[in-house]
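This is what each chain is made of:
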Amino acid sequence: MKKSFYVTTPIYYPSNKLHIGHSYTTVAADAIARYKRLRGYDVMFLTGTDEHGQKIERRALEEDKSPQEFVDSIVDWIKDLWATMDISYDKFIRTTDPEHKEIVAKIFKKLYDQDDIYKSEYEGLYCTPCESFFTEHQLVNGKCPDCGREVERVKEESYFFRLSKYQDRLIKHIEDNPEFLMPQTRQNEMLNNFLKVGLEDLCVSRTSFTWGVPVSFDEKHVVYVWLDALSNYITALGYMTDHDKDFKKYWPANVQLVGKEIVRFHAIIWPAILMALGEELPKQIFGHGWLIINGGKMSKSIGNVVDPSILVERYGSDAIRYFLLREVAFGQDGNFSNNALISRINSDLANDLGNLTSRTVAMIEKYFNGQITNKGHASPFDAHVKQTIKNNVELMEDSMEKLFFNNALEHIWNIIRRLNKYIDETTPWILAKDPENKEKLMGVLHTLVEGIRIVGIMIEPFMPTTPKKIFEQLGITSAKLTQWDSIHEFGLIKKISVQKGDNLFPRIDLEKELEALEAIQNPAKESEKEEEPSITIEDFSKVKLKIGEVISSEKVKKADKLLVSKIKIGSEIRTIVSGIAKFYSPEEFVGKKVVVVTNLAPVKLRGIISEGMILCAENDQGELVTIAPEKDIMSGSTIK
RNA sequence: GGCGGAAUAGCUCAGUUGGCUAGAGCACAUGGUUCAUACCCAUGGUGUCGGGGGUUCGACUCCCUCUUCCGCUACCA
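### As for the overall build of chain A
For chain A, the helix and strand inventory stands at 21 helices and 27 strands. Pairs at least 24 apart in sequence give 74% of the contacts found in chain A among residues at least 6 apart. Looking at chain A as shown, the accessible area adds up to about 30600 Å², and 49% of this sits on carbon and sulfur atoms.

Set out below in structure tokens:
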């Protein structure tokens, strides 16, 4: 029986279209899945969508659709995207699948029956778009600190999961199994920031919306995201059903890929749920890094979100997949830029691999009418070429086991470079001038074809369509010559007839293409900007603004963003705490005239009562500058 | 503030447990070549391996300290 291998991506939230970061995770999972299949494993590759929650409910309302219609349309788009990116998932789970919902309800009931879930009360300020609760202190201007929108005071009866109960077992598991959470730096973060500080029980139900899985024994509650979304990894396998053979075969998962922003949920909450269910934990959670754009993270508000479908359409799926996995070390953050993408395509794909194939096929056509056999004579350079291939095949396989995709690709390219060099060493065009050298010439071309064949197999996990094109040009049809194990043997091709086809990867004019991309990507950004609702003059006049003068200022202890200042506003002196310590030193801050919001409700920050707010301008990078009157004017002057 | 990373060639980064003249790719320059997608091959770096101390026969690699950047977290009125 084949060994099984189970790999998952997170399930994505279809409130919007996906971006290149989602593609990154999914392409990585796909490369693992394809590689394992080639190595003879029985692979289950799961991806999907997390479709419940209040945000979806509201987004659907905005578009005048039912929640189901709304998610259906986005899910169609996502499936199309995965199709164009050659994502070979075995199963696509949707949390709206009837079976998933049934199982989630069963899980909830089971945990409740065994007292891992209990009923209590939850009160907090809730931001719907962000689906987050905040404390009073976290709010900005009484609004959501993340998106700036209104929050609602929500008090609801809720069910809680006894997360705290599993704290010690979680700590032990992470400490005893260094491979469980990778890369290692994530282990420290989880242990130090959460586990050792102490876990709080987790709210796992809601009454504030209905778009979710109902709690079977208490119909006014729906299951909140944790149990619903995380359990997809086992409900997809038929867990707790009478047809659970996939669960028996594939669980525990071998690798669960997640972005580093959700490591916490997958390394703490998810294992705790599994412990409560009495199931094994996944063998590995891998928290990969982010694609960074111009030094910052991708975000809708900055408007630098990269749409993968545009890139795939222009350069092909294989090129994008190659870039994503080659450019960035998997555990770390890496830069994404159009420039880097096109440079990679040109130098690695067009110049190295594409051109190697092209020149080899062209020579066989030119010197042998397209047909060669293995009857040629070896050149003095063959031994070294074979050794290079052997070494790099081993290194590549080793890298794949560790999920070092960029190293794996580098080793493949070492072979490609060696083959290009081999052509210069053996100078076939000179051999071709003397009929005496015909066997030597054929030997050289045969070695090249063999090398390219091996490369073609090795790139398959990363670039699923290019190998077919290569084998077609080389005239390799036998399955034996294209299966993984055949890369360990050099010289398998007996006789082939080649046929030149289109260039595998056409060279791209870097400068023209950058301009063209800019033109496509930027207008798109403009149109996506959300229109801000207008306010009335009455709304505005509610805010009382006055000129103040900073008369003293010092850093707040144990907080690196905060300055506490005494501000003179007319005859009054107020204490105000501001998050500007990174941009103004206390010394330079003293004496400045600033604009103060005087009728904000006082709030306690780091133990200090702050009586107002100093207005600042903020740029894309989050840098703050205070607003000052254009001419000198008395403190206490009102602003209107 | 707590915890954890990182700082190496113009750019992006490798450098496993300390050991011969510190590497790769890209970019740039020169030469070669013409089979090939103006491509390929060769050659070219006085890099203070962030600064300063220390351990050692020997440190990019270990220890201390400082600086800067980043992540998680607290916090941003």
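More follows now that the structure is in view.
### Details of the environment of E63
Inspection of the secondary structure assignment puts E63 in the loop between α2 (54-62) and α3 (67-84). In this structure E63 comes out as partly exposed when scored by relative accessible area, which is 38%. For the pair E63 and L191, spaced 128 residues apart in the sequence, the C-alpha separation amounts to 43 Å.

### A few points about the sheet that holds strand β12 (residues 285-288)
With parallel pairing, the six strands of this open sheet are ordered in space as β3-β2-β1-β11-β12-β7. The sheet is open, and its two edges are formed by β3 (91-94) and β7 (181-182), each paired on a single side. The pairing of strand β11 (residues 255-259) with β12 spans four bridges and is parallel. Paired with Q256 across the strands is I285, a residue of β12. Against the sheet, helix α10 (residues 263-277) engages β7, β11 and β12, with an angle of about 135 degrees to β11.

### What about helix α6 (residues 184-195)?
Taking 1.5 Å of rise per residue, the twelve residues of α6 would be expected to cover 16 Å, and the 15 Å separating its terminal C-alpha atoms lies within 8% of that figure. Against α5 (167-176), β7, α10 and β12 lie the buried residues of α6.

### Regarding the pattern of salt bridges
As a working rule, side chains carrying opposite charge can pair if their charged atoms are close by. Enumeration over the complete set of coordinates arrives at 31 salt bridges. With its nearest N and O atoms 3.3 Å apart, the salt bridge here joins K36 to E401. One end of the pair, K36, is in helix α1 (residues 20-38); the other, E401, is in helix α14 (residues 382-401), with 365 residues separating them in the sequence. Judged by its relative accessible area of 7%, K36 is buried. Judged by relative accessible area, E401 falls into the partly exposed class, the value being 47%. Across the pair R344 and D348 runs a salt bridge, and its minimum N-O distance is 2.8 Å. Residue R344 and its partner D348 are both found in helix α13 (residues 338-368); the two are separated by four residues, about one turn of the helix. When sorted by exposure, R344 lands in the same class as D348, which is buried.

### Some remarks on the environment of S208
As for its placement among the helices and strands, S208 is situated in the loop between β9 (205-206) and β10 (222-223). A residue is classified by how much of its surface remains accessible, and S208, at 31% relative accessible area, is partly exposed. Between the C-alpha atoms of S208 and K220, which are twelve residues apart in sequence, the distance is 9.1 Å. Residues within four places of S208 in sequence aside, it is in contact with Q54 and E156.

### So, the pairing of β11
By the criterion of burial, β11 is predominantly enclosed, with five of the five residues buried. Burial along β11 is two-sided: V255, L257 and G259 facing one way and Q256 and V258 facing the other are all buried. Two elements, strand β1 (residues 4-12) and β11, share two bridges in a ladder whose sense is parallel. Residue pairing across strands places V7 opposite V255, the latter belonging to β11. Handedness of the crossover joining β11 and β12 through α10: right-handed.

### Brief notes about the packing of α13 against helix α15 (residues 405-426)
At their nearest, the axes of α13 and α15 sit 10 Å apart, and the two run at 45 degrees to each other. In terms of orientation, α13 lies oblique with respect to α15. In this structure, α13 meets α15 at a crossing whose hand is left-handed. When α13 is examined against α15, the residues D348, L349, N351, D352, L353, L356, R359, T360 and M363 are found in contact with a partner set consisting of W413, I416, R417, L419, N420, I423 and D424. Within the contact of α13 with α15, the residues separate by chemical class into eight nonpolar, three polar and five charged.

### Here's the deal with the packing of α6 against α10
Two numbers describe how α6 lies on α10: the axes approach to 11 Å, and their chain directions differ by 65 degrees. Judged by the angle between their axes, α6 and α10 are roughly perpendicular. Pair α6 / α10 crosses with right-handed handedness. Across the interface between the two elements, R186, M190, F194 and L195 from α6 touch V263, R264, A267 and I268 from α10. Within the contact of α6 with α10, the residues separate by chemical class into six nonpolar, no polar and two charged.

### A short note on the nonpolar core
The nonpolar side chains of a soluble globular protein tend to be buried with one another. Y315, F405, I412, W413 and F462 are the most contacted members of the largest nonpolar core, which has 106 residues in total. Sorting elements by how many residues they give to this core places α13 first, with twelve residues. Residues within four places of Y315 in sequence aside, it is in contact with I320, L341, I342, I345, I508, E513 and L517. Of all hydrophobic cores here, the second largest spans 61 residues; its members include L111, I117, V258 and I273.

### Brief notes about the side chain of D116
You can see D116 is positioned in the loop between α4 (98-113) and β4 (117-127). Taking relative accessible area as the criterion, D116 reaches 2% and is therefore assigned buried. Polar contacts involving the side chain of D116 include one to the side chain of Q114, which spans 2.7 Å. Residues in contact with D116, not counting those within four places in the same chain, are L111, F160, F161, R162, K165, Y166 and A276.

### Overview of α3
Compared with an ideal rise of 1.5 Å per residue, which puts 18 residues at 26 Å, α3 spans 26 Å between its outermost C-alpha atoms and is within 8% of the ideal. Residues of α3 that are buried: F70, V71, I74, V75, W77, I78, L81 and W82. Looking straight down α3, one finds that the buried residues subtend no more than 155 degrees of arc, so they occupy a single side. Exposed residues on α3 whose side chains face more than 90 degrees from its buried face are D80 and A83. Two residues or fewer past α3, D86 is found with a positive phi of approximately 55 degrees.

About the cut-offs
- Residues numbered from 1 in each chain as written.
- Chains lettered and ligands numbered in written order.
- Predicted model: local features only at pLDDT ≥ 70, side-chain atom pairs only at ≥ 80, totals over all residues.
- Heavy atoms only, no water.
- Helix = DSSP H or I, 4+ residues; strand = E, 2+ residues; numbered from the N terminus.
- Contact = heavy atoms within 4.5 Å.
- Areas by Shrake-Rupley, 256 points an atom, 1.4 Å probe, with all protein chains shown as cover.
- Buried < 20%, exposed > 50% of the residue type's maximum accessible area, 1.4 Å probe, protein only.
- Pairing = 2+ DSSP bridges.
- Axes fitted to C-alpha atoms, helices over the stretch in contact; angles between N-to-C directions.
- Expected span 1.5 Å × (residues − 1).
- Salt bridge = Lys/Arg side-chain N within 4 Å of Asp/Glu carboxyl O.
- Right-handed = clockwise from strand over helix to strand, strands pointing away.
- Parallel < 35°, antiparallel > 145°, perpendicular 65-115°, else oblique.
- Left-handed = near helix turned anticlockwise from the far one by under 90°.
- Nonpolar A, V, L, I, M, F, W, Y, C, P; charged D, E, K, R; others polar.
- Core = buried A, V, L, I, M, F, W, Y, C linked by side-chain atoms within 4.5 Å.
- Polar contact = N/O pair within 3.5 Å; in protein donor to acceptor, adjacent residues only side chain to side chain.
- Arc of directions from axis to C-beta.

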